[in-house]
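Chain by chain, the residues:
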Amino acid sequence: MAEGATKPSNFIRTIIDEDLKKGKNDGRVVTRFPPEPNGYLHIGHAKSICLNFGLARDYKGKCHLRFDDTNPCKEDVEYEDSIQGDVKWLGFDWGENFFHASDYFLQLYEYAVDLIKQGKAYVCSLSADEMRAYRGTLKEPGKNSPYRDRSVEENLDLFERMKNGEFEEGSHVLRAKIDMASPNLNMRDPVIYRIRKEAHHRTGNQWVIYPMYDYTHCISDALERITHSICTLEFEDHRPLYDWVLDQLDVPCHPRQIEFARLNINYTVLSKRRLIELVEGGHVSGWDDPRMPTIVGFRRRGYTPASIRNFCDRVGVAKKDSCVDMGLLEFCVREDLDRSAPRAMGVLQPLKLVIDNYPEGQVEEFEVPCHPQDPAMGTRKIPFSREVYIEQDDFMEDPPKKFFRLGPGREVRLRYGYIVKCVDYVKDETTGEIKEVHCTYDPDTLGAAPQDGRKVKGIIHWVSAAHAVAGEVRLYDRLFVKEDPTGDKSVDYKTFLNPDSLQVLENCQLEPSLAGAAPESRFQFERLGYFCADIKDFKPERPVFNRTVTLRDTWAKIDKKDR
RNA sequence: UGGGGCGUAGCCAAGUGGUAAGGCACCGGAUUUUGAUUCCGGCAUUCCCAGGUUCGAACCCUGGCGCCCCAGCCA
């Protein structure tokens, strides 16, 4: 839980508290995170992970990791590896409790035989199209399948032959015999087994029939003695089926399914289907593109596990459809990085500043703190000389009164260095570009206020030109320009992709210590934001940093307001 | 009335009959060699609407309205 935050209270904890009070489940609390290994995890999954593992932690229970691998057509080990890596990176540990729904294929099969023997399941030989027609509609009841009354013996024989591979895909399915007139479509004799002649990534060619989600999930939960099976709202309609299956069978226990609202965040999309589309359509560089709301994307962007956990704690758990402000996520990273990231100076858009009265060839070394509030982070040395780079934005030819950086005749402090005064500047008259700024420095102002008591409010960052390391910095902005890119179903959400979501700056000037940064290490570049050494592309001879998030920028706000 | 769910501030969200927590955002103000951080202060006379019950209602009742989900041999 976040420092200072109130004790989490939500309807799921209330339910668990009540169950505990009633003595249910012998006081155990066991949850599970059940991803299908068919894609990468995104921040919506992080909410579920934090919820399930968080509950297990707080109630001294367990949280299982179980791959819901019942569809061999879509699943792969590649995804299993990335999912496990993501959950661990987020800081959670399933210990011994690592499972696969495919571990239960044999038991699931035996339970299905049991259902058939009880006359509660039958082999249906309708085609997919016919079955759809028989299902009825939202307002009209369905019709019984002509195969609904096959004898137990025939069903047993047919189901075994399905298992033995005697039939083609699509020719038969096993259905639960419930109620074709149910107003809940999930109860209209749902399919529980289908034929798929495809190798499964774990069981190979051992099976040609595969159980469906509704049938598999509840039994898997029961076999693992899960107490609270937490899923998202769209499964609420499936709960009667979840309960029905367990009620028919001799299973170890009957877990309680609880549904909560999935996470939505503005200016992005959070559905597996759309994320795949962005990757395959080349709109981003991959699943780990720092603009992606995937766990690997956030990681590469520079987000910390703690910041994502805090975010998930802060958004809460409820049943209301909601859309969380991206600003909250940004707040959470800044909060974490502010205390954990060492400071450094880097100039993104360099402008040369020459100190006319500083001795040519002289070099000083300033020993400066790595963190202004945390002495334990130590100090580092930064070289200073006659020519330095400053940010283009920190000089204005004709600055407004509220701008307290550099301008003709104005004074500013070079962070951790001297106060300099602008005496001249060089401008390309054809392009209007400022080529160079000339200053004089006040030698008495190193680590001290001016003798005469004059106030110099502005402080700017800089890097010694002769010692700077050139590097690449990637600036990221929101992926979509629209708050709710999928809100209007008649317009393709990709229409709202932000064309400026990535800006690559190839000629940044960084303080020398940054060349020694470890890939994936994070820094605050003073006055700019938090930056992370790219895990793939960073090289000491060519540093590459990704901007995680900017610092809060009050000036930008004032400036915008005044225009 | 096909069924299931949900409506508390700009965005999240507690609250479960005793007089609206908290966070983000926003607006002040203090400190600051990062226009950062930190710190203080402000920010719902009212809980989708309308009636009703009650000494007392966001919570209970009735009737509306609005939004989301469901017709895969996906999960």
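Residues numbered from 1 in each chain as written. Chains lettered and ligands numbered in written order. Predicted model: local features only at pLDDT ≥ 70, side-chain atom pairs only at ≥ 80, totals over all residues. Heavy atoms only, no water.

(A) Region of interest: the overall build of chain A. A count of helical and extended segments in chain A gives 13 helices and 25 strands. Relative to the globule expectation of 24 Å for 563 residues, the C-alpha radius of gyration of chain A, 31 Å, shows a markedly less compact shape. With respect to the principal axes defined by its C-alpha atoms, chain A has extents near 100 × 55 × 40 Å. When contacts within chain A are restricted to residue pairs at least 6 apart in sequence, those whose partners lie at least 24 apart make up 70%. Carbon and sulfur atoms make up 47% of the accessible area of chain A, which amounts to about 26000 Å² in all. (Helix = DSSP H or I, 4+ residues; strand = E, 2+ residues; numbered from the N terminus. Rg over C-alpha atoms; globule rule 2.2 N^0.38 Å. Contact = heavy atoms within 4.5 Å. Areas by Shrake-Rupley, 256 points an atom, 1.4 Å probe, with all protein chains shown as cover.)

(B) View of the protein's contact with RNA strand B. Near RNA strand B there are 69 residues, and of these Lys320, Arg343, Arg415, Gln524 and Thr554 occur at the shortest range. Here, RNA strand B places atoms within 4 Å of the protein, and 66% of those atoms are sugar or phosphate. Leu126 places a main-chain nitrogen or oxygen 3.0 Å from a base nitrogen of RNA strand B. Between RNA strand B and the protein, one listed contact pairs a base nitrogen with a side-chain N or O atom of Asp237 at 2.7 Å. Residue classes in the surface near RNA strand B are distributed as 27 nonpolar, 16 polar and 26 charged. (Near = heavy atom within 4 Å. Polar contact = N/O pair within 3.5 Å; in protein donor to acceptor, adjacent residues only side chain to side chain. Nonpolar A, V, L, I, M, F, W, Y, C, P; charged D, E, K, R; others polar.)

(C) Representation of the pattern of salt bridges within the structure. The final tally for this structure, using the stated rule, is 46 salt bridges. A salt bridge links Asp19 to Lys24, with the nearest nitrogen and oxygen atoms 3.7 Å apart. Judged by its relative accessible area of 1%, Asp19 falls in the buried class. In this structure Lys24 comes out as partly exposed when scored by relative accessible area, which is 34%. One network of salt bridges, in which partners are shared, links Asp288, Arg300, Glu472, Arg474, Asp534, Lys536, Asp537 and Arg542. (Salt bridge = Lys/Arg side-chain N within 4 Å of Asp/Glu carboxyl O. Buried < 20%, exposed > 50% of the residue type's maximum accessible area, 1.4 Å probe, protein only.)

(D) Representation of the sheet that holds strand 25 (residues 544-550) within the structure. The seven strands lie next to each other as 10-23-24-25-21-22-11, forming an open sheet whose pairing is mixed. The strands lining the two open edges of the sheet, one partner per strand, are strand 10 (343-344) and strand 11 (346-347). Inspection of the sheet shows strand 24 (residues 529-533) paired to strand 25 by five bridges, in the antiparallel sense. Bridging from a neighbouring strand, Gly529 pairs with Thr550 of strand 25. The sheet strands contacting helix 12 (residues 326-340) are strand 10, strand 23 (522-525), strand 24 and strand 25, and the helix crosses strand 25 at an angle near 115°. (Pairing = 2+ DSSP bridges. Axes fitted to C-alpha atoms, helices over the stretch in contact; angles between N-to-C directions.)

(E) Here's a closer look at the confidence of the model for chain A. With 99% of its residues at a pLDDT of at least 70, chain A reaches an overall mean of 96. Predicted confidence is poor over residues 1-5, with pLDDT under 50, and the contacts of this stretch with residues over four places away or in other chains come to eight contacts. Interface scoring of the predicted complex returns ipTM 0.97; its pTM is 0.96. (pLDDT = per-residue confidence, 0-100.)

(F) Geometry of the nonpolar core. Among the nonpolar cores identified, the biggest contains 38 residues, and Phe159, Leu174, Tyr193, Tyr215 and Ile219 are the most heavily contacted of them. Those elements that provide at least two residues to this core are helix 4 (105-117), strand 4 (121-124), helix 6 (152-163), strand 5 (173-176), strand 6 (191-195), strand 7 (209-211), helix 7 (213-223) and helix 8 (239-248). Here this core gets eight residues from one element, more than from any other, and that element is helix 4. Once residues within four sequence positions are removed from consideration, Ile219 is found in contact with Leu108, Tyr111, Val245, Leu246 and Leu249. Membership of the second largest hydrophobic core comes to 35 residues, among which are Ile265, Val324, Val333 and Tyr530. (Core = buried A, V, L, I, M, F, W, Y, C linked by side-chain atoms within 4.5 Å.)

(G) Structural context of unusual backbone geometry. One non-glycine residue, Asp26, adopts positive backbone phi at about 55°. With respect to the helices, strands and loops of the structure, Asp26 is situated in the loop between helix 1 (11-21) and strand 1 (30-33). Judged by its relative accessible area of 71%, Asp26 is exposed. Here Asp189, not a glycine, exhibits a phi torsion of approximately 45°, which is positive. By the secondary structure assignment, Asp189 is in the loop between strand 5 and strand 6. Among the residues examined, Asp189 registers a relative accessible area of 1% and is labelled buried.

(H) Spotlight on the pairing of strand 23. Strand direction decides the pairing type here: strand 10 and strand 23, joined by two bridges, are parallel. When the sheet's bridge partners are listed, Ala344 is paired in strand 23 with Phe525. Connecting the antiparallel pair strand 23 and strand 24 is a turn made up of three residues, with Arg527 showing a positive phi of about 70°.

(I) Local environment of the packing of aromatic side chains. For the structure on display, the rule yields 28 aromatic pairs. Ring centres 5.6 Å apart and planes at 65° place the aromatic pair Phe403 and Trp555 in the edge-to-face group. Here Phe403 is found in the loop between strand 15 (387-391) and strand 16 (411-414), whereas its partner Trp555 is found in helix 13 (residues 554-561), with 152 residues between them in sequence. With respect to burial, Phe403 and Trp555 carry one shared label: buried. (Phe/Tyr/Trp six-rings, centres within 6.5 Å; stacked < 30°, edge-to-face > 60°.)

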